[in-house]
Amino acid sequence: MPAVPNPPNTPPQNKAPQTPLPPLNHHNGHAAASPALVALANGRPHRPPQPEFVQQYREDSGALREQVLAGLRAGQAAISPKFFYDVLGSRLFEAITDLPEYYPTRTEAAIFASAGPAIAARAGSGCVLVDLGAGNCEKAARLFGSLRPAQYVALDISVEFLRATLSALQQQHPEIPMLGLGADLCAPFDLPFNVKRGRRLFFYPGSSIGNFAPVEALALLQRMRGAAGRGDGVLIGVDLHKDEATLVSAYDDALGVTAAFNRNVLRNVNRIVGTDFSLDDWRHVASFDRQASRIQMHLQACREVRVQWEGGAREFAAGGRIHTEDSYKYRPEDFALLLEAAGFDDPVYWTDPRGWFAVFHARG
Ligand code: AVI
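Residues numbered from 1 in each chain as written. Predicted model: local features only at pLDDT ≥ 70, side-chain atom pairs only at ≥ 80, totals over all residues. Heavy atoms only, no water.

A. A look at the packing of helix 7 (residues 214–227) against helix 10 (residues 332–341). Between helix 7 and helix 10, the least distance of the axes is 9 Å, while the angle of their chain directions is 50°. In terms of axis orientation, helix 7 runs oblique to helix 10. For the crossing formed where helix 7 meets helix 10, the hand is right-handed. Across from P214, A217, L218, L221 and Q222 in helix 7, the residues of helix 10 making contact are F335, L338, L339 and A341. Of the residues that constitute the contact of helix 7 with helix 10, the class distribution is eight nonpolar, one polar and no charged. (Axes fitted to C-alpha atoms, helices over the stretch in contact; angles between N-to-C directions. Helix = DSSP H or I, 4+ residues; strand = E, 2+ residues; numbered from the N terminus. Parallel < 35°, antiparallel > 145°, perpendicular 65-115°, else oblique. Left-handed = near helix turned anticlockwise from the far one by under 90°. Contact = heavy atoms within 4.5 Å. Nonpolar A, V, L, I, M, F, W, Y, C, P; charged D, E, K, R; others polar.)

B. How the structure looks around the sheet that holds strand 11 (residues 321–328). Read from one edge to the other, the open sheet built from three strands follows the order 7-8-11, with strand pairing classed as antiparallel. The strands lining the two open edges of the sheet, one partner per strand, are strand 7 (282–289) and strand 11. Adjacent strand axes in the sheet meet at a mean angle of 20°, parallel and antiparallel pairs treated alike. Judged from the seven bridges that link them, strand 8 (residues 294–301) and strand 11 form a sheet pairing that is antiparallel. When the bridges of strand 11 are listed, H298 appears paired with H323. Of the strands in this sheet, strand 7, strand 8 and strand 11 are in contact with helix 9 (residues 257–273), which crosses strand 8 at around 60°. (Pairing = 2+ DSSP bridges.)

C. Fine view of the packing of helix 2 (residues 61–73) against helix 9. As a packed pair, helix 2 and helix 9 sit with axes 9 Å apart at the nearest point and diverge in direction by 120°. One way to sum up the angle between helix 2 and helix 9 is to call them oblique. In the packing of helix 2 onto helix 9, the handedness of the crossing is left-handed. Every residue of helix 9 that contacts helix 2 at R65, V68, L69 and L72 is listed here: V269, I272 and V273. Across the contact of helix 2 with helix 9, the residue classes tally to six nonpolar, no polar and one charged.

Following this line, the structure appears as structure tokens:
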């Protein structure tokens, strides 16, 4: 898709006063005027800086429908975790991050808070910060103070998810040019011309890398490496291997928020493909596969269930399952090897006192 930048901040011609007032910005013993007052006095309407938005990816509703149906027809029925994140699912995920059992978000935030200066010293300040897991942009914003990015580029599948957040963030940080980019992480990175030249730091927080199987994670890291030049780097949040009880309760909380998040995917699938899933028929199951070092989430049929859609149907016996998500937990040395296999050099990481989470940096 062609990149369409926002209109430049030029004043409309016919609004300029005939005789401009003298420029108002010099110090004459009074407090300096606000930028808005200065702009008005100089005949320019004041426009606060605005982020740019570029939508590169176009969602194909037919392809999405086919993807869901292929998963429902498969021997082991499956729904991709990307279908969790409708409006309600995104809110439920935010609620998950506040749960006492769900340690990753707050542990990663604590690492960023304590290691921010060390991360900036290693990654270098003044880079273009390319946030591949932007969401509410909170994690990147916490690093603005130490990284002082030359530009902040927030990626999401749809710029619509970014508009409000990025516009608000831009008002808080008028000194940082911001770009919202609608792009698909699963396609080769093709950063538009609006992304400034200069050193780039690819930022992938939140342990989302764990939602890819290791071969897919390697392919994603290789795409990052392909987009990174000499001097560029990656900064990635990775959830670490730990005791099973802690892991399982993080994905099966007492309040049932993760269960609601998991079951909500069926509402979204009903909307996308017109299936007739009834949520009462399905319960949330989270388990730890020690061999593969991953949490697995499933939906399990509470009774015999027949699910129908236009042109097809599938029967599930009581206890039959639909796989909805894997969340891989790494040992630090294994993740370092994965980064090196993708072509990155010199991986280092920061962790918390319990060694539950790691933030990795590696060079391109
Ligand atoms: C988005 N992702 C990193 C979360 C995770 O921990 O794997 C998704 C999640 N699923 C259930 N709880 C959180």
